[in-house]
Amino acid sequence: MKNLSIDIETYSGAPLQKCGAYRYAEDPDFEILLFGYSVDGGDVRVVDLACGETIPPDIIAALTDDSVTKWAFNASFERICLSRYLSDMGISLDPFHDNHELSTELAKYLNPESWRCSMIWSAYMGMPLSLEGAGAVMGLEKQKLIEGKDLIKYFCQPCAPTKTNGGRTRNLPSHAPDKWEQFKRYNARDVETEMGIQKRLAKFPVPESVWDEYHIDQEINDRGVRLDMELVRQAIAMDTRSRKELTAAMKRLTDLDNPNSVAQMKQWLADNGLETESLDKKAVAELLKTAPPELAEVLSLRQQLAKSSVKKYQAMENTVCSDGRARGMFQFYGANRSGRWAGRHIQLQNLPQNHLPDLAEARALVRVGDFDSIAMLYEDVPDTLSQLIRTAFIPKESTLFYVADFSAIEARVIAWFAGETWRQEVFESGGDIYCASASQMFKVPVEKHGVNGHLRQKGKIAELALGYGGSVGALRAMGALDMGLTEEELPPLVSAWRQSNPKIVEFWWAVDRAVTEAVRNKTTTKDYGLTFSCRSGMLFITLPSGRNLAYVKPKIGTNRFGGSCITYEGVGGTKKWERIDSYGPKFVENIVQATARDILCYAMKTLRCCSIVMHIHDELVIEADPKISLDAICEQMGRTPPWAKGLKLRADGYVTPFYKKD
């Protein structure tokens, strides 16, 4: 036996979408109902565990045998659930050998090293992350059966007790034998569809280096991160009380039945002489600038109520496992175009920032539930709770968090690709890129908090908005007008940035030409250390790391301005599979972000012996003994990969007893 393709159907009292696979598989009522499998591409068999059948001993042995490759679509679900199943059977899950020191957190789960995931393969090829979507896009002969959703709802989740069903809270095979037979066919078909994906993509294998990254990702997800559940519970209780008090105050001031209703609030403001189209965050902030005191008080209360801090705390409560750690927060290859990670459950990618100077003190007051002190010292309770979200992540006993992140990684990568030497010199000398950019644009010296310091903000906004072909609209979207820039200043700012960075502008259009040529003539071209090729209905951009970016069914099309552009199929802004148009600067954005992701992966491999518990954008969080050297971690992280010669990297860090933005 070399390969084992698997699909399972399970039951649990915990809601999977809400709590994630790790907590789901911990539920006391968890069980595997059906185990569908195929050995080395042979016929699919379904083991009906719910009706007393047993998985054959050679298949059980294969699950813990690292010489057998296990395949599944979203394989982490199968691996986590089978870990629980084997543990309940008393089978050891201690397959970590070589030089791996097995931590207690990882000992609970099957070694990911011998697992492969066809969902990741699909994502690597620019295809959907769902089995149904991937099967449809690939035009597989055997596609996922659409009746599965109803069958899963019937057999895999608790049901509401009714008179008709005799007051039961769960449907068993005996309650609907015909549906059960259908469910077994559905289980077998999932294995066939998953094998069909492997077959269809066989000529485009995922590089071993990417599988290695996937295994590191699985280790990080298995390890999880500890949560301060006392802080979480007290924060939820405080938020509940705060919302109650804020709503009561708004009712008292407005006499409205439901002051949270947008329609009622807009009407009340209009009746009091303040017309507004919207009550979103931006609109309320604008209204507060000119509103009379009595209206400003109501708007301020509304602003406080709009803080959604409690959702993150609730997600923590939903996700936390029995050992106090949250797991499964990172979706490998979640970002379709670049292969970057996406967040799951607690969503670490968009945590609110913290600016409280006395963060530790505020945190301590929330932990002991001292609502009155928080209200008195910090006034805005929801905002304080929001700023404390990061601090709910804590290292395990007798360790600290070592937080290290890359400095201006995308700005460094694009300068390296384009050969914009003045920028590289700034990075090499440890200069401030925003000051240097402003200086280059306005032809005067610019120093932070010094000479012409006011121009740094213009340098910063230009840097953030204009690197990927953005123009006036990008500056607006980045908040240029809110920062005090006028509409008239924006076009000259775009021109100044582009004139200061001619090689980056040149890079955009060189990529545009290379992609167009590859698609139009089905040729392979090389430029800037990148390879552009078009074959078998796919456009590939090969990065310096050797990894491919894949674009499905590329064509020369017409953009909304009537010009020619490249179009391809992918998951668009609507979250649906559709035709997307692109051009040089947009491909450059994909290339730069993908390369930044590869650099982070290289750092993860370098620091694999450390306990990485989280990573957010370009930052790693390591749980380590206080005796470890922060400088050593930053030095390791800042090493340039062998495939990126000449790229100047720098990692900075800090040590903390709880997670925060330094």
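This is a predicted model, so every value here is computed, not measured. (Residues numbered from 1 in each chain as written. Predicted model: local features only at pLDDT ≥ 70, side-chain atom pairs only at ≥ 80, totals over all residues. Heavy atoms only, no water.)

Enquirer: Any chance you could explain the overall build of the protein chain here in plain terms?
Expert: From N to C terminus, the protein chain includes 25 helices and 20 strands. Taken against the 2.2 N^0.38 rule, which gives 26 Å for 662 residues, the C-alpha radius of gyration of the protein chain at 27 Å falls within 12% of a compact globule. Seen through its principal axes, the protein chain has C-alpha atoms that stretch 75 × 70 × 60 Å. Contacts in the protein chain between residues far apart in sequence, at least 24 positions, make up 66% of those at least 6 positions apart. With an accessible surface of roughly 29600 Å², the protein chain has 50% of that area assigned to carbon and sulfur atoms. One way to put it: in the protein chain the 81 positive side-chain charges average out to a point 4 Å from where the 87 negative ones average out. (Helix = DSSP H or I, 4+ residues; strand = E, 2+ residues; numbered from the N terminus. Rg over C-alpha atoms; globule rule 2.2 N^0.38 Å. Contact = heavy atoms within 4.5 Å. Areas by Shrake-Rupley, 256 points an atom, 1.4 Å probe, with all protein chains shown as cover. Lys, Arg positive; Asp, Glu negative; His and termini not counted. Charge placed at Lys NZ, Arg CZ, Asp CG, Glu CD.)

Enquirer: Could you clarify how one ought to interpret the packing of aromatic side chains in this entry?
Expert: The description of two aromatic rings rests on the distance between their centres and on the angle between their planes. Counted by the stated rule, this structure contains 26 aromatic pairs. For the ring pair Tyr 568 and Phe 587, a centre distance of 6.5 Å and an interplane angle of 45 degrees mean the geometry is tilted. One end of the pair, Tyr 568, is in strand β16 (residues 564-571); the other, Phe 587, is in helix α24 (residues 584-606), with 19 residues separating them in the sequence. Neither Tyr 568 nor Phe 587 differs from the other in exposure class; each is buried. Site record: aromatic cluster; members linked through ring pairs are Trp 71, Trp 121, Tyr 124, Trp 211, Tyr 214, Phe 332, Tyr 333 and Trp 341. The ring centre of Tyr 11 lies 3.7 Å from the NZ or CZ of Arg 170, which sits over that ring. The ring of Tyr 154 has Lys 179 sitting right over it, with the charged end atom 4.0 Å from the ring centre. (Phe/Tyr/Trp six-rings, centres within 6.5 Å; stacked < 30°, edge-to-face > 60°. Buried < 20%, exposed > 50% of the residue type's maximum accessible area, 1.4 Å probe, protein only. Lys NZ or Arg CZ within 6 Å of the ring centre and 35° of its normal.)

Enquirer: Please clarify how the environment of Asn 171 should be interpreted in this entry.
Expert: Structurally, the position occupied by Asn 171 is in the loop between α6 (148-156) and α7 (177-200). Separated by 12 residues in sequence, Asn 171 and Cys 159 have C-alpha atoms that sit 7.0 Å apart. With residues near it in sequence (within four places) discarded, Asn 171 still touches Tyr 154, Phe 155 and Cys 159. Polar side-chain contacts of Asn 171 include one of 3.0 Å to the backbone oxygen of Tyr 154. (Polar contact = N/O pair within 3.5 Å; in protein donor to acceptor, adjacent residues only side chain to side chain.)

Enquirer: Looking at this model, I keep getting lost on the sheet that holds strand β14 (residues 538-542). Mind explaining?
Expert: The pairing of strands in a sheet comes from backbone hydrogen bonds and takes either a parallel or an antiparallel form. Read across the sheet, six strands follow the order β12-β13-β14-β15-β16-β17 without closing on themselves; strand pairing throughout is antiparallel. Looking at which strands have only one partner, the edges of the open sheet turn out to be β12 (525-527) and β17 (577-582). In this sheet, neighbouring strand axes are inclined to one another by 35 degrees on average, regardless of whether the strands run parallel or antiparallel. (Pairing = 2+ DSSP bridges. Axes fitted to C-alpha atoms, helices over the stretch in contact; angles between N-to-C directions.)

Enquirer: So what exactly am I meant to see when it comes to the nonpolar core here?
Expert: Where a protein is soluble and globular, its nonpolar side chains tend to be buried together. Phe 35, Tyr 313, Phe 393, Met 614 and Tyr 659 are the most contacted members of the largest nonpolar core, which totals 176 residues. Considering every element that reaches this core, the biggest residue donor is α24, with 11 residues. When sequence neighbours within four positions are dropped, the list of residues in contact with Phe 393 reads Val 225, Arg 226, Leu 227, Met 316, Met 329, Ile 346, Leu 348, Leu 351, Phe 401, Met 614, Phe 658 and Tyr 659. (Core = buried A, V, L, I, M, F, W, Y, C linked by side-chain atoms within 4.5 Å.)

Enquirer: Help me understand the side chain of Thr 276 in this model?
Expert: Tracing the backbone through its elements, the reader meets Thr 276 in the loop between α10 (262-271) and α11 (281-288). Take Thr 276: its relative accessible area is 17%, and that puts it in the buried class. Among the polar contacts made by the side chain of Thr 276, one reaches the main-chain carbonyl oxygen of Ser 278 at a distance of 2.7 Å. Every residue in contact with Thr 276, bar those within four places of it in the chain, is listed here: Lys 266, Leu 269 and Leu 287.

Enquirer: Quick question: what am I supposed to make of α6 here?
Expert: Along an α-helix, residues three or four apart share an orientation, since each turn contains 3.6 residues. Along α6, the positions that sit buried rather than exposed are Gly 148, Leu 151, Tyr 154, Phe 155 and Cys 156. Angularly, the buried residues of α6 cover 160 degrees about the axis, an arc narrow enough to put them on a single face. Of the residues in α6, the exposed ones pointing more than 90 degrees away from the buried face are Lys 149, Asp 150 and Lys 153. (Arc of directions from axis to C-beta.)

Enquirer: For this particular structure, what's the right way to read α11?
Expert: If you check which residues of α11 are buried, you get Ala 283, Val 284 and Leu 287. Relative to the axis of α11, the buried residues are bounded by an arc of 95 degrees and lie together on one face. Exposed and facing more than 90 degrees away from the buried side of α11 are Lys 281 and Lys 282.

Enquirer: Sorry, what's going on with the pattern of salt bridges here?
Expert: Opposite charge on two side chains permits pairing when their charged atoms draw close. Scanning the entire structure with this criterion turns up 38 salt bridges. A salt bridge links Arg 608 to Glu 219, with the nearest nitrogen and oxygen atoms 3.0 Å apart. Placement of the pair is Arg 608 in the loop between α24 and β18 (611-616) and Glu 219 in helix α8 (residues 208-223), with a sequence separation of 389 residues. Two residues, Asp 625 and Lys 627, come together in a salt bridge whose shortest N-O distance is 3.8 Å. Owing to a relative accessible area of 33%, Asp 625 belongs among the partly exposed residues under this scheme. (Salt bridge = Lys/Arg side-chain N within 4 Å of Asp/Glu carboxyl O.)

Enquirer: When you look at the confidence of the model for the protein chain in this model, what are you seeing that I'm missing?
Expert: Low-confidence regions, as indicated by low pLDDT, have predicted coordinates that should not be scrutinised in detail. Chain-level statistics for the protein chain give a pLDDT mean of 92 and a share of 98% at 70 or above. Segment residues 96-100 is flagged for pLDDT under 50; beyond a separation of four residues in sequence, or across chains, it makes eight contacts in the model. (pLDDT = per-residue confidence, 0-100.)

Enquirer: Honestly, the packing of helix α17 (residues 409-418) against helix α18 (residues 421-428) in this entry has me stumped. Any pointers?
Expert: For any two helices packed against each other, the geometry is given by the interaxial angle and the distance between the axes. The geometry of α17 relative to α18 is characterised by a closest axis approach of 8 Å and an angle of 135 degrees between their N-to-C directions. With respect to α18, the axis of α17 lies oblique. At the point where α17 passes α18, the crossing takes the left-handed sense. Where α17 approaches α18, its residues Ala 411, Arg 412, Ala 415 and Trp 416 are matched on the opposing element by Arg 423, Gln 424 and Phe 427. (Parallel < 35°, antiparallel > 145°, perpendicular 65-115°, else oblique. Left-handed = near helix turned anticlockwise from the far one by under 90°.)

Enquirer: Got a minute to help me understand the sheet that holds β18 in this structure?
Expert: Reading across the sheet, the four strands line up as β18-β19-β11-β20 and stay open at both edges, with antiparallel pairing between neighbours. Whereas interior strands pair on both sides, the edge strands pair on one side only; in this sheet they are β18 and β20 (651-656). Pairwise comparison of adjacent strand axes, ignoring direction, gives a mean angle of 20 degrees for this sheet. By the bridge criterion, six bridges tie strand β11 (residues 400-406) to strand β19 (residues 619-624) in an arrangement that is antiparallel. Directly across from Phe 401, in β19, lies its bridge partner Glu 623. Contacting β11, β19 and β20, helix α25 (residues 630-637) crosses the sheet at an angle of about 35 degrees to β11.

Enquirer: When you look at the state of the cysteines in this model, what are you seeing that I'm missing?
Expert: Each disulfide consists of a covalent bond between the sulfur atoms of two cysteine residues. Per the stated rule, a full pass over the model turns up zero disulfides. Looking at the unpaired Cys 156, the closest cysteine sulfur is the one in Cys 81, lying at 11 Å. Judged by relative accessible area, which is 6%, Cys 156 ranks as buried. The thiol sulfur of Cys 634 is not disulfide-bonded, and the nearest other cysteine sulfur, from Cys 610, lies at 11 Å. Taking relative accessible area as the criterion, Cys 634 reaches 10% and is therefore assigned buried. (Disulfide = S-S within 2.5 Å.)

Enquirer: It is not clear to me how the pairing of strand β4 (residues 69-72) should be interpreted in this structure. Could you clarify?
Expert: Residues in a regular strand point their side chains to alternate faces of the sheet. For strand β1 (residues 3-11) and β4, the ladder comprises three bridges, and the chain directions are parallel. Its bridge partner being in β4, Asn 3 is matched across the sheet by Thr 69. In the sheet, β4 pairs with strand β5 (residues 115-117) via three bridges, with the strands oriented parallel. Bridging from a neighbouring strand, Trp 71 pairs with Arg 116 of β5.

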